Amino acid sequence: MTQPVILVTGATGKVGGAVVSQLQAAGVSVRALVRGKSDFPEGVQAVRGDLSDPASLGSALEGVDSVFLVWPFLSAEGAPEVIDVIGKHARRVVYLSSAGVGSGKEEPGDAITMFHTELERLIEASGLEWTALRPTGFAGNTLGWAEEVRTTGAVRAPLARLARPLIHEADMAAVAVQALTTDALLGAHPVITGPELITQERQVALISAAIGRPVRFEEVALDEAIERMKAVGYPAELVEAVLPAQAKMLDKPEPVTDEVERITGAPARSFQEWAVDHAADFR
């Protein structure tokens, strides 16, 4: 009997890459969807395809049983066609969504929440088996501080007291592997988080400890941060959605869940562990 094949999109990113690695370690037949030349460990098949071009996905999906879907755009434009192509080949899709979808706080203009909400709706209506993973903030997003840490020994950012249960990409991947390889999460929207709330100021202190040299947090005004991010090329709609939403979390932080441990059997990794794992990126 032929072993089921799993296709991983976003395979060159932190989460998708961790899904590829964990599936391979579990002995699962895995394909990595890429747009260009990429190196993967022996046993991982890299296949060409682009989510912005649904017609390019057919050959990558041949013989595929399940798909791990990371949507790389800020709108759901083109998603119906992609999901339709997936549905012609695979029986299951595991979608990397956002905890904001289930928060009950959806507001017009919230670019992140709105496209995830629409993707979830499309997938649920597709006839595919599905799971929508709803993580809180990614620990890996703090890699955006890496160059500043390396060159100045400081992080200039707003909201020093903003505390979030940031989640390690390895934990997102571990939950995704369960959803892809078992039936335990069919039709579920698990909200997955790190084990505790950590302020941004504390995150910087933990990165400092991990790399063995001082790094300070220098708080800037929210308006200044928004303009700085736009100036270096971040899309305006992304910046104007994310930073004000984060400011609201000062008074009402995201809840911490034990879903990672419940699903995988192992406690969620701490931000301290993440900082140690990624110390080389900040040195």
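Predicted model only: the values in this text are computed from it and were never measured.

J.: What exactly am I supposed to notice about the environment of valine 239 here?
T.: You can see valine 239 is positioned in helix H9 (residues 236-248). What makes valine 239 buried here is its relative accessible area of 1%. Distance from valine 239 to isoleucine 226, taken between C-alpha atoms, is 6.2 Å for residues 13 residues apart in sequence. Once residues lying within four places of it in the same chain are set aside, the contact partners of valine 239 are Ile226, Met229, Tyr234 and Pro244.

J.: Looking at this model, I keep getting lost on the nonpolar core. Mind explaining?
T.: A general feature of soluble globular proteins is that nonpolar side chains tend to end up buried together. Residues Val8, Val19, Leu23, Phe68 and Leu133 are the most contacted members of the largest nonpolar core, which totals 29 residues. Where this core is concerned, the elements lending two or more residues are strand E1 (5-8), helix H1 (14-25), strand E2 (29-34), strand E5 (92-96), helix H6 (169-181) and helix H10 (259-264). It is H6 that contributes the most residues to this core, 7 residues altogether. In contact with phenylalanine 68, other than residues within four places in its own chain, are Leu7, Val8, Thr9, Val15, Gly16, Val19, Val94, Leu96, Leu133, Ala176 and Leu180.

J.: I keep staring at the pattern of salt bridges and nothing clicks. Help me out?
T.: It is possible for side chains of opposite charge to pair when their charged atoms get near one another. Per the counting criterion, the structure on display carries 14 salt bridges. One salt bridge in this structure joins aspartate 84 and lysine 88, with 3.5 Å as the shortest N-O distance. Placement of the pair is aspartate 84 and lysine 88 together in helix H3 (residues 79-89), with a separation of 4 residues, close to one helical turn. For lysine 88, a relative accessible area of 63% puts it in the exposed group. For glutamate 148, the salt bridge identified is with arginine 228, shortest N-O distance 3.6 Å. Remark: arginine 228 occurs in helix H8 (residues 222-231) and glutamate 148 occurs in helix H5 (residues 146-152); sequence separation between them is 80 residues. Where salt bridges share partners, they join Asp65, Arg91, Arg92, Glu129 and Asp183 into one cluster.

J.: I'm lost on the packing of aromatic side chains in this one. Help?
T.: Geometry of an aromatic ring pair is reported as the spacing of the ring centres plus the angle between the planes. According to the stated counting rule, one finds 3 aromatic pairs in the structure shown. Summarising the aromatic geometry, the rings of tryptophan 71 and phenylalanine 73 are spaced 5.1 Å apart at their centres and angled 80 degrees between planes, so their arrangement reads as edge-to-face. Ring plane angle 75 degrees and centroid distance 6.1 Å describe the contact between tryptophan 274 and phenylalanine 282, whose orientation is recorded as edge-to-face. A relative accessible area of 0% means that tryptophan 274 is categorised as buried. In textbook terms, an aromatic cluster arises when at least three aromatic residues are bridged by ring pairs, as seen for Phe271, Trp274 and Phe282.

J.: It is not clear to me how unusual backbone geometry should be interpreted in this structure. Could you clarify?
T.: Residues other than glycine predominantly adopt negative phi, and peptide bonds predominantly adopt the trans conformation. The phi dihedral of leucine 159 falls on the positive side, at around 65 degrees, and the residue is not glycine. Residue placement: leucine 159 occurs in the loop between strand E7 (154-157) and strand E8 (163-164).

J.: What is the right way to look at the side chain of aspartate 171 in this model?
T.: Among the secondary structure elements, aspartate 171 is positioned in helix H6. A relative accessible area of 3% means that aspartate 171 is categorised as buried. Residues within four places of aspartate 171 in sequence aside, it is in contact with Val260, Pro267, Ala268 and Arg269.

J.: Please clarify how empty space enclosed by the protein should be interpreted in this entry.
T.: Where empty space is left in the structure can be found by rolling a water-sized probe over the atoms. Counted according to the given criterion, the structure contains 1 cavity of 30 Å³ or more. By volume, the largest cavity amounts to about 30 Å³. Taken together, Leu7, Thr9, Leu33, Leu51, Leu57, Leu61, Val67 and Ile86 make up the lining of the largest cavity. Its residues assigned to classes, the lining of the largest cavity comprises 7 nonpolar, 1 polar and no charged.

Criteria and cut-off values
- Residues numbered from 1 in each chain as written.
- Predicted model: local features only at pLDDT ≥ 70, side-chain atom pairs only at ≥ 80, totals over all residues.
- Heavy atoms only, no water.
- Helix = DSSP H or I, 4+ residues; strand = E, 2+ residues; numbered from the N terminus.
- Buried < 20%, exposed > 50% of the residue type's maximum accessible area, 1.4 Å probe, protein only.
- Contact = heavy atoms within 4.5 Å.
- Core = buried A, V, L, I, M, F, W, Y, C linked by side-chain atoms within 4.5 Å.
- Salt bridge = Lys/Arg side-chain N within 4 Å of Asp/Glu carboxyl O.
- Phe/Tyr/Trp six-rings, centres within 6.5 Å; stacked < 30°, edge-to-face > 60°.
- 1 Å grid on protein atoms, 1.4 Å probe; cavity = no way out; pocket = protein on both sides within 12 Å on 5 of 7 lines; lining within 4 Å.
- Points joined across faces, edges and corners; volume = space filled by probe spheres on them.
- Nonpolar A, V, L, I, M, F, W, Y, C, P; charged D, E, K, R; others polar.

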